[in-house]
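In case you want the letters, here they are:
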Amino acid sequence: MKFGKKTAFAALVAASALVFAGCAGGGDVIEEGSGGDSGSSDGEMYIAMVSKGFQHQFWQAVKQGAEDKAEELGVKITFEGPAAETEIAAQLEMLTAAIDKNPDAIAYAALDPEACVAPLEQAKAKDIPVVYFDAPCNGDVGLSLSATDSKVAGALAAEHMAELIGGEGQVAIVGHSQINSTGVERRDGFVDKIKADYPDIEIVDIQYGDGDHLKSADIAKTLIAAHPDLKGIYGTNEGSAIGVVNAVNELGLEKGKITIVGFDSGAAQINAIKDGTMAGAITQDPIGIGAQVVQAAYDAANGKSVEKFYDTGSYWYDETNIDDPKIAAVLYE
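Residues numbered from 1 in each chain as written. Predicted model: local features only at pLDDT ≥ 70, side-chain atom pairs only at ≥ 80, totals over all residues. Heavy atoms only, no water.

Draft legend 1. Quick look at the sheet that holds strand β10 (residues 230–235). Ordered in space as β9-β8-β10-β11-β12-β15, the six strands form an open sheet in which the pairing is mixed. The strands lining the two open edges of the sheet, one partner per strand, are β9 (201–208) and β15 (315–318). Adjacent strand axes in the sheet meet at a mean angle of 20°, parallel and antiparallel pairs treated alike. Across three bridges, the pairing between strand β11 (residues 259–263) and strand β12 (residues 280–283) is parallel. Bridged to Gly 262 within β12 is Ala 281. Helix α8 (residues 267–274) contacts β11, β12 and β15 of the sheet and is inclined by roughly 55° relative to β15. (Pairing = 2+ DSSP bridges. Helix = DSSP H or I, 4+ residues; strand = E, 2+ residues; numbered from the N terminus. Axes fitted to C-alpha atoms, helices over the stretch in contact; angles between N-to-C directions. Contact = heavy atoms within 4.5 Å.)

Draft legend 2. Structural view of the pattern of salt bridges. Taken as a whole, this structure holds 12 salt bridges when the rule is applied. Between Asp 264 and Arg 186 there is a salt bridge, and its shortest N-O distance comes to 3.9 Å. With Asp 264 in the loop between β11 and α8 and Arg 186 in helix α5 (residues 181–197), this residue pair connects regions lying 78 residues apart in the sequence. A relative accessible area of 3% places Arg 186 in the buried class. For Asp 197, the salt bridge is made with Lys 193, and the minimal N-O distance between the two is 2.6 Å. Here the residue Asp 197 and the residue Lys 193 both occupy positions in helix α5, the gap between them amounting to four residues, near one helical turn. Exposure remark for Asp 197: the relative accessible area of 40% places this residue in the partly exposed category. Residue class for Lys 193 comes out partly exposed when judged on its relative accessible area of 21%. Where salt bridges share partners, they join Glu 159, Lys 193 and Asp 197 into one cluster. (Salt bridge = Lys/Arg side-chain N within 4 Å of Asp/Glu carboxyl O. Buried < 20%, exposed > 50% of the residue type's maximum accessible area, 1.4 Å probe, protein only.)

Here it is in structure tokens:
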């Protein structure tokens, strides 16, 4: 399924999707790994959510948004994810288990856009509506995607990096994935913007730390050693960015010697911006993502039309606006 980036348009759910009436309830949430039976036995709509992970604060914020929306709608959800965003096989096992429970809808965030195609074909064969959040699966099963426009967000990061380093010099990227769409698009949005608008900035290297702060720190140290004139490093997710922060701290570099631009928020990034180690970052609206995908799943299960792409937005924050109420509302600690 191909998703538009700016303009959302309606897609009708397959006629076989069932309409569920009388969906009142408490919006129960089952934690990672605890299993749970479908809510169909008591007439309560049940939505199974499988995320990319559970360890980053981003996913906890997505879960919070999903939980709040589930309570509002009176539906039951489960929210599961692997321990790390490299554990594709574990995520697929969770997806298969979710399909076996025959939920009223599935919300899925793909780690590997190809590996999920076959399992989701099974969901389609069972007439289970599928919606995506954060990153889609390939194929034509999914009805909707609730996510940040990652290329736009990557370009926004590039604009601020360019401004911060004076429009010239060498920069590098510590990415979190070459496979899933968020890693690819946050990278490409940044690279394309630099190439198009900032000819005096050279991207000297792109390395991948799988979103792991330890691996990302090692990569950042290597980049800094290999490129003594390096002016900036862009980290494409929470773990990547904190890895870069940790690297410059462990090397004892003066704050600001390397301009660090991050992605996502979380307490560690917020603290790094406040103490001057990180210049700024792009934040998403994870609570909004969680809420929107539950709404889309609910609508799909009820046979209503859903939009193919819900762009939940991206925002630059730094020490000048971090306490602005509009920014504070989309930061998560």
